[in-house]
Amino acid sequence: MSVRTQSSGPSEPSRPPEPSEAAHRAGFACFVGRPNAGKSTLTNALVGQKVAITSNRPQTTRHTVRGIVHRPDAQLILVDTPGLHKPRTLLGERLNDVVRTTWAEVDVIGFCLPADQKIGPGDRFIAGELAGIKKTPKVAIVTKTDLVDSKTLAEQLIAIDQLGKELGITWAEIVPVSATAAEGAGRSPSNKGGGGRRAGQVDLLADLLIPMLPESPPLYPEGDLTDEPEQVMVAELIREAALEGVRDELPHSIAVVVEEMLPREDRPADKPLLDIHANVYIERPSQKGIIIGPKGKRLKDVGIKSRKQIEALLGTPVFLDLHVKVAKDWQRDPKQLRKLGF
């Protein structure tokens, strides 16, 4: 079996590379998969800059983040959704609605399955949902290939091929990729059709997705990497820092709202400073101490880490003012969800 397989039905014969004068293509690709399948890391790797938060905690993506990949002949807009999952709260139901709405609007769907985990009920659930979407091309993306050896990777590729046959899904491509380690990504049993490039490279994935996009002029200005508002991205970077090292029950309980972002007045032009005031919301008073930490150390660490990321994102020095507040049971309260932007 080839590392990447391509459907070759009568309506989609394999085509030679298009000449350089071919029409410009632009469109939307959506990454789906169960929580923590590597979707956000893959989005960041393709864009070349952090536009989606990553965490070793599952189900941390809450906003549909669009990352934009610019090429001379194409513009690939990546839509990163929350992982589809069995919802336990009103927030969970709304996140699933976001996923299904997104699927209906994109030009190609990338189904992310980690190389280091066997296909499970969650993957089958999502694949079953995808089987109902007939017209949109579907690419199976094997993520985290740097974590496995060639034999394990080959077994996963075969299992994904079989999953498609069982459910009536014709994969447009099956491609292994590592968004974190180019060397590990190259450990694949075959590389036919890859033009001599390692199948794990994220560039190859973009090469495979772009021909599935419609002919179109660019949809975003050159240089734009995302259409997320800066305040939303800043809030996500703070939440990412707050998620590190907390107890298992806390990740879903954290929300961040940036209340204000204003340039500091009376600063010389060559020494600007941006004041950012943000609130970190949790659901119960007992969680407040977990976020703040002994003598405020944990909250201070969250501020230091996120400030560095924010300054890199915005390209300006930042003064970050963080406060922890309780929004009781906000994941189950429609009014609180609206207040927190869901």
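Keep in mind that this is a model prediction, so the values were computed, not measured.

Novice: Honestly, the overall build of the chain in this entry has me stumped. Any pointers?
Specialist: If you tally the helices and strands in the chain, you get 10 helices and nine strands. Across the 342 residues that make up the chain, the buried fraction comes to 49%. Sequence-distant contacts, at least 24 apart, represent 74% of the contacts inside the chain between residues at least 6 apart. Surface accessibility of the chain: about 16,500 Å² in total, with carbon and sulfur atoms responsible for 52%.

Novice: When you look at the sheet that holds strand β7 (residues 255-263) in this model, what are you seeing that I'm missing?
Specialist: Pairing between the strands of a sheet is mediated by backbone hydrogen bonds and can be parallel or antiparallel. Taken together, the three strands give an open sheet; going across it, the order is β7-β8-β9, and neighbouring strands pair in mixed fashion. Unpaired on one side and paired on the other, β7 and β9 (318-326) mark the two borders of the sheet. Averaged over all adjacent pairs, the angle separating strand axes in this sheet is 15°, with direction ignored. Summarising the sheet, β7 and strand β8 (residues 274-282) pair through eight bridges and their orientation is antiparallel. Looking at β8, one finds that Glu260 is bridged to His277. Its contacts with the sheet place helix α7 (residues 230-243) against β7, β8 and β9, and it is angled at close to 125° to β7.

Novice: Would you mind showing me how to read the pairing of strand β1 (residues 25-32) here?
Specialist: Along any regular strand, the residues point their side chains to alternate faces of the sheet. Buried residues dominate β1, accounting for seven of its eight residues. Across four bridges, β1 lies against strand β4 (residues 108-114) in parallel orientation. When the sheet's bridge partners are listed, Val32 is paired in β4 with Phe111.

Novice: How should the side chain of Ser306 be read in this particular structure?
Specialist: Considering the arrangement of structural elements, one finds Ser306 in helix α9 (residues 297-314). Given a relative accessible area of 0%, Ser306 falls into the buried group. Separated by 3.4 Å, the side chain of Ser306 and the backbone oxygen of Gly303 make a polar contact. What Ser306 contacts, discounting residues up to four positions off in sequence, is Leu237, Ile238, Ala241 and Leu320.

Novice: Whenever I open this one, unusual backbone geometry confuses me. Can you help?
Specialist: Residues other than glycine predominantly adopt negative phi, and peptide bonds predominantly adopt the trans conformation. For Lys144, which is not glycine, the phi dihedral falls at a positive 60°. When you line up the elements, Lys144 lands in the loop between β5 (138-143) and α4 (150-167). Judged by relative accessible area, which is 22%, Lys144 ranks as partly exposed. The backbone of Lys295 sits at a positive phi, close to 55°, despite the residue not being glycine. Classification of Lys295 by relative accessible area gives exposed; the value is 90%.

Novice: When you look at the pattern of salt bridges in this model, what are you seeing that I'm missing?
Specialist: If charged atoms from side chains of opposite charge come close, those side chains can pair. In total, this model carries nine salt bridges according to the counting rule given. Here Arg124 makes a salt bridge to Glu166, at a shortest N to O gap of 3.1 Å. Of this pair, Arg124 sits in helix α3 (residues 121-131) while Glu166 is found in helix α4, placing the two residues 42 residues apart along the sequence. Under the relative-accessibility criterion, Glu166 is labelled partly exposed at 47%. The closest approach of N and O atoms between Asp275 and Arg264, which form a salt bridge, is 2.6 Å. Of this pair, Asp275 sits in strand β8 while Arg264 sits in the loop between β7 and β8, and the two are 11 residues apart along the sequence.

Novice: Please clarify how helix α1 (residues 39-47) should be interpreted in this entry.
Specialist: Because the α-helix completes a turn every 3.6 residues, residues three or four places apart line up on one side. Most of α1 is tucked away: seven of the nine residues are buried. Listed as buried for α1 are Lys39, Ser40, Leu42, Thr43, Asn44, Leu46 and Val47. Just downstream of α1, Gly48 is the residue with a positive phi angle, here 90°.

Novice: Looking at this structure, how should I read the packing of α7 against α9?
Specialist: A pair of packed helices is captured by two measures, namely the crossing angle of their axes and the spacing between those axes. In contact at an axis separation of 8 Å, α7 and α9 are set at 140° when each is read in the N-to-C sense. The handedness of the crossing between α7 and α9 comes out as right-handed. For the pair α7 and α9, contact is made by Glu230, Met233, Val234, Leu237, Ile238, Ala241 and Ala242 and by Arg298, Val302, Lys305, Ser306, Gln309, Ile310, Leu313 and Leu314, respectively.

Novice: Sorry if this is basic, but what is going on with empty space enclosed by the protein here?
Specialist: A probe matching the size of a water molecule, rolled over the atoms, marks out where space remains unfilled. Considering all chains together, one arrives at two cavities of 30 Å³ or more under this definition. Lining the second largest cavity, in full, are Leu237, Glu240, Ala241, Glu244, Lys305 and Gln309. Among the elements that take part in the lining of the second largest cavity, α7 stands out by supplying three residues, more than any other. The residue inventory of the lining of the second largest cavity, partitioned by class, reads two nonpolar, one polar and three charged.

Novice: Is there a simple way to explain the packing of α1 against helix α6 (residues 202-209) in this structure?
Specialist: For the pair α1 and α6, interaxial distance at closest approach is 9 Å and the crossing angle is 90°. In terms of orientation, α1 and α6 fall into the roughly perpendicular class. Contacts between α1 and α6 involve Leu42, Ala45 and Leu46 from the former and Val202, Leu205 and Ala206 from the latter. Each residue belonging to the contact of α1 with α6 can be placed in one class, and the counts come to six nonpolar, no polar and no charged.

Novice: Could you clarify how one ought to interpret the packing of aromatic side chains in this entry?
Specialist: Scanning all chains against the criterion turns up one aromatic pair. One Lys or Arg, Arg264, reaches over the ring of Phe319 and ends 5.6 Å from the middle of that ring.

Thresholds, definitions, all that
- Residues numbered from 1 in each chain as written.
- Predicted model: local features only at pLDDT ≥ 70, side-chain atom pairs only at ≥ 80, totals over all residues.
- Heavy atoms only, no water.
- Helix = DSSP H or I, 4+ residues; strand = E, 2+ residues; numbered from the N terminus.
- Buried < 20%, exposed > 50% of the residue type's maximum accessible area, 1.4 Å probe, protein only.
- Contact = heavy atoms within 4.5 Å.
- Areas by Shrake-Rupley, 256 points an atom, 1.4 Å probe, with all protein chains shown as cover.
- Pairing = 2+ DSSP bridges.
- Axes fitted to C-alpha atoms, helices over the stretch in contact; angles between N-to-C directions.
- Polar contact = N/O pair within 3.5 Å; in protein donor to acceptor, adjacent residues only side chain to side chain.
- Salt bridge = Lys/Arg side-chain N within 4 Å of Asp/Glu carboxyl O.
- Left-handed = near helix turned anticlockwise from the far one by under 90°.
- 1 Å grid on protein atoms, 1.4 Å probe; cavity = no way out; pocket = protein on both sides within 12 Å on 5 of 7 lines; lining within 4 Å.
- Points joined across faces, edges and corners; volume = space filled by probe spheres on them.
- Nonpolar A, V, L, I, M, F, W, Y, C, P; charged D, E, K, R; others polar.
- Parallel < 35°, antiparallel > 145°, perpendicular 65-115°, else oblique.
- Phe/Tyr/Trp six-rings, centres within 6.5 Å; stacked < 30°, edge-to-face > 60°.
- Lys NZ or Arg CZ within 6 Å of the ring centre and 35° of its normal.

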